[in-house]
Each structure stands twice: as C-alpha cells, then as structure tokens.
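Spelled out, the chains give:
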Amino acid sequence: MAARLIVPGLYGLRLGMVNVFLLETDEGLALIDTGYATSAGAILKAVRQIGRQPQEVRHILVTHCHPDHAGSLAALKQQTGATAYMHPEDAAMVRAGKTLRPLSAGPGIFNALVFQILIHTAAQSIEAAEIEHLLADGDELPIAGGMRAIHVPGHCAGQLAFLWSRHGGVLFAADACANVFGLGLSPAYEDLSEGRRSLAKLSALEFGVACFGHGRPVLKNAAQKFRRKWAPAARSDSAAASIGADRPAKPGARRPG
Ligand SMILES: [Zn+2]
Ligand SMILES: [Zn+2]
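Just so you know, these numbers come straight off a predicted model, no measurement behind them.

Caption draft 1: Seen up close, the overall build of the protein. The secondary structure content of the protein amounts to seven helices and 14 strands. Out of the 257 residues in the protein, the part that is buried amounts to 47%. Looking at the protein alone, contacts between residues at least 24 apart form 65% of all its contacts between residues at least 6 apart.

As structure tokens, then:
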C-alpha cells in the first residue's frame, strides 16, 4: 500500500486496519505510530517510495501501547536508529513488551461485534523497546515546525494525541475516536467516561485536518466536526443514528428534541 499525501509534508499509510503517518521535517522524517508487529517492511518501503531512506527517520512518536500502534516499534528503531516518544504510562507497557490493559466495548451493537473480533485477535505482547523521550500533556516538540503532545486517556491510559501547528492545525487523534463509518467513538475503551472527557478536550483545540488510527482523515473543518459531537455543550447523542455508537455517558445527559 503506497503512502498517500494528506497535506504537504504529511503522508498517511494504511496497513490493514490501522494507519501510520510520515512527516517530512527539516531534519529528516518523523513517524507517528508503527502499525502491527509485521508492518516494519511496508513502512520502510513507503519511506523509500517518497524518496527517502530509512536512516532519515529520526523520530518515532507512538500514540499508545496497543499492538496495532506500537507493534513494529522495536524493529523500526533497529532499522532506522530513530528515538521513540511516548507518555510514561504506556512507555512502561512497551518497555515490558505489554500491549493491553482490560478493555470494554464502546456503546452499540456494532462496537460490541468489532470488540469481540479485536479481543480475540489482538496480540497480547510485542517486542519490548526502549522509549527515550517521555512526554507529558502540553509538551511542545520542535519537530516539523511544532508538535504538541496532548494526553487523551480513556481508550488507553497513556494515549497521546498530537497537534501539528502547520496547515491551520493537523490533529493526530490516535484512537481517541475513529472515522471508519463517519466520525465516532472507538470500538473499545478502558474507561469510556474518561474517553469522552478526552474528546471534549480535543474539541476545544483549533485544527482543520484530523487524522485517526482507524479510518480516513477529515480534511476540512475538523475541529467544528469534533465540537458538534463532543464539545461539552453539544448534544452527545447526535450521531447515534448511524451505527448506534454514540450515546450520552449518563442517561440524564440526554436533552429533549
Ligand atoms: Zn488502540
Ligand atoms: Zn488502534
């Protein structure tokens, strides 16, 4: 699968069900996420397809410890010499080769079905890797003109989203939400209430483009689309019709009309 240009300097690469992203920076390449344990070859092939060499990958930003995001981190570090960036809670998991804390299905029948498939197929372990850079909420990285780490727990306790300052703001939302059948919740959360708070936090940011671990990028007015669904004042059940995936956290939060 070839890398696809999303905005100048940013490529998306779909590896089965999951996306990884390649950023061209002034000092080489940055990778956001690493796919499954078997994805390293396809990622390095995509690096060459955009005219770069594996050794030019300098930074690997890992959004969270799940096996579809951190799976090839160890292999890619070995083959590129890049250093890795994660939140401390998930860095501890990856350093120990662990991938999953207990998860529950998101709301709705569709998520229940996807969840059943996921938990029966997800790798429980990955090759352990060292994480050189631990990131806290709000940390600004001098990568590609400016990249802010945003702690978005709920789906995964140490999950980070990243906000790239260029092109009117490009959000890498990781699995805080997904855009597989429209913008919606992810199929699984460690703590759904926490996940909704993280989505409200992302909705307060300014970004035109949003990229996801799963599904297509939103290329226009992405922050408005997030706010319509997940800002605290928004009707949180507005998208329930499509797949029954998005209901209010508490029944009392539902508004009439
Ligand atoms: Zn995940
Ligand atoms: Zn994922």
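Caption draft 2: Quick look at helix α3 (residues 88–95). Taken as a whole, α3 has its buried residues at Asp90, Ala91, Met93 and Val94. What you see down the axis of α3 is that its buried residues fit within an arc of 155°, all on one side. Among the structural elements, α2 (73–80), β6 (83–86) and β8 (133–134) are those in contact with the buried residues of α3. Positive backbone phi, at 75°, marks Gly97, one or two positions downstream of α3.

Caption draft 3: Summary view of the pairing of strand β4 (residues 28–32). Taken across its five residues, β4 has four buried, putting it largely inside the fold. Inspection of the sheet shows strand β3 (residues 18–25) paired to β4 by five bridges, in the antiparallel sense. Residue Leu22 lies in a different strand from β4, and its bridge partner there is Leu31. Between β3 and β4, which follow one another and run antiparallel, lie two residues. Sheet analysis places β4 next to strand β5 (residues 57–61), joined by four bridges and oriented parallel. Its bridge partner lying in β5, Ala30 is registered against His59. In this view, the connection linking β4 to its parallel neighbour β5 by way of helix α1 (residues 40–49) has right-handed handedness.

Caption draft 4: Structural detail: the sheet that holds β3. Ordered by their spatial adjacency, seven strands build an open sheet running β1-β2-β3-β4-β5-β6-β8, and the pairing between neighbours is mixed. Edge positions in the sheet fall to β1 (4–7) and β8, since each has one partner strand and no second. In the sheet, strand β2 (residues 10–15) pairs with β3 via six bridges, with the strands oriented antiparallel. Across the sheet, the residue bridging to Leu15 is Val18, located in β3. Of the strands in this sheet, β5 and β6 are in contact with α2, which crosses β5 at around 165°.

Calculation notes
- Residues numbered from 1 in each chain as written.
- Chains lettered and ligands numbered in written order.
- Predicted model: local features only at pLDDT ≥ 70, side-chain atom pairs only at ≥ 80, totals over all residues.
- Helix = DSSP H or I, 4+ residues; strand = E, 2+ residues; numbered from the N terminus.
- Buried ≥ 20, exposed ≤ 12 C-beta atoms within 10 Å, placed from the backbone.
- Contact = placed C-beta atoms within 7 Å.
- Arc of directions from axis to C-beta.
- Pairing = 2+ DSSP bridges.
- Right-handed = clockwise from strand over helix to strand, strands pointing away.
- Axes fitted to C-alpha atoms, helices over the stretch in contact; angles between N-to-C directions.

Limitation: the analysis is restricted to geometry and does not speak to function.
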